[in-house]
Amino acid sequence: VQLQASGGGLVQPGGSLRLSCAASGRIFSSSEMDWYRQAPGKQRELVAGITIGGLTHYADSVKGRFTIYRDNAKNTVHLQMNSLKVEDTAVYYCNAKELISANNYWGQGTQVTVSS
């Protein structure tokens, strides 16, 4: 397994969760790391991404609520999700896009459910 995602769960609206995605050192150091999500009946969408150099980008729907960051010592990317809404409910996937080879790797998905 090259990407291992964790941290999903059930949370009430307004709550917080932190997702983590651990990668092999070779992949992590050479890749942009992204989080996607897919809700039932919807297409997979990009939520947030971070470049090797630490530049971040977010979907408009999560700006100001979600933060993506890299822990280079642990080859892990995190997605801190605050002020969660019911519409954030989805399976979240981490993705690594290697800069030079353009190889694409996916984690196994972790379920996030926001419900009262």
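Above this text sits the structure in question.
Read on for an overview of the structure.

The rules behind these values
- Residues numbered from 1 in each chain as written.
- Predicted model: local features only at pLDDT ≥ 70, side-chain atom pairs only at ≥ 80, totals over all residues.
- Heavy atoms only, no water.
- Buried < 20%, exposed > 50% of the residue type's maximum accessible area, 1.4 Å probe, protein only.
- Helix = DSSP H or I, 4+ residues; strand = E, 2+ residues; numbered from the N terminus.
- Pairing = 2+ DSSP bridges.
- Patch = residues over 30% accessible without salt bridge, like charges linked within 9 Å, V, L, I, M, F, W, Y side chains within 5 Å.
- Areas by Shrake-Rupley, 256 points an atom, 1.4 Å probe, with all protein chains shown as cover.
- Salt bridge = Lys/Arg side-chain N within 4 Å of Asp/Glu carboxyl O.
- Disulfide = S-S within 2.5 Å.

Structural notes on the pairing of strand 11 (residues 110–114)
Here is step 1 of the chain: Across the two faces of strand 11 the burial differs, with Thr110, Val112 and Val114 buried and Gln111 and Thr113 not buried at all.
Here is step 2 of the chain: Taken together, the 3 bridges between strand 2 (residues 9–11) and strand 11 define a ladder with parallel strand orientation. In the sheet register, Gly9 faces strand 11, and the bridge partner there is Val112.
Here is step 3 of the chain: Taken together, the 3 bridges between strand 9 (residues 90–98) and strand 11 define a ladder with antiparallel strand orientation. Bridge pairing in strand 11 places Ala90 opposite Val112.

With respect to a nonpolar patch on the surface
Here is step 1 of the chain: A surface patch of nonpolar side chains, about 370 Å² in accessible area, is lined by Ile52, Leu99 and Ile100.
Here is step 2 of the chain: As for its placement among the helices and strands, Ile100 is situated in the loop between strand 9 and strand 10 (104–106).

Brief notes about the pattern of salt bridges
Here is step 1 of the chain: Within the structure shown, the criterion is met by 6 salt bridges.
Here is step 2 of the chain: Of the charged contacts in the structure, one is a salt bridge between Asp60 and Lys63, with a shortest N-O distance of 3.1 Å. Accessibility classification places Asp60 together with Lys63 in one group, the exposed group.
Here is step 3 of the chain: Across the pair Asp88 and Arg65 runs a salt bridge whose closest N-O atoms are separated by 2.7 Å. Taken as a pair, Asp88 in the loop between strand 8 (76–81) and strand 9 and Arg65 in the loop between strand 6 (56–58) and strand 7 (66–71) lie far apart in primary sequence, 23 residues in all.
Here is step 4 of the chain: Of the residues examined, Asp88 reaches a relative accessible area of 0% and is grouped as buried.
Here is step 5 of the chain: Under the relative-accessibility criterion, Arg65 is labelled buried at 10%.
Here is step 6 of the chain: One continuous salt-bridge network, built from bridges that share partners, spans Arg37, Glu45, Arg65 and Asp88.

What about the state of the cysteines?
Here is step 1 of the chain: Tallying each qualifying case throughout the model produces 1 disulfide.
Here is step 2 of the chain: A sulfur-sulfur distance of 2.1 Å marks the disulfide that ties Cys21 to Cys94. Given an S-S torsion of about 55 degrees, the disulfide between Cys21 and Cys94 has right-handed geometry. Of this pair, Cys21 sits in strand 3 (residues 17–23) while Cys94 sits in strand 9, and the two are 73 residues apart along the sequence. Just as Cys21 is buried, Cys94 falls in that class too.

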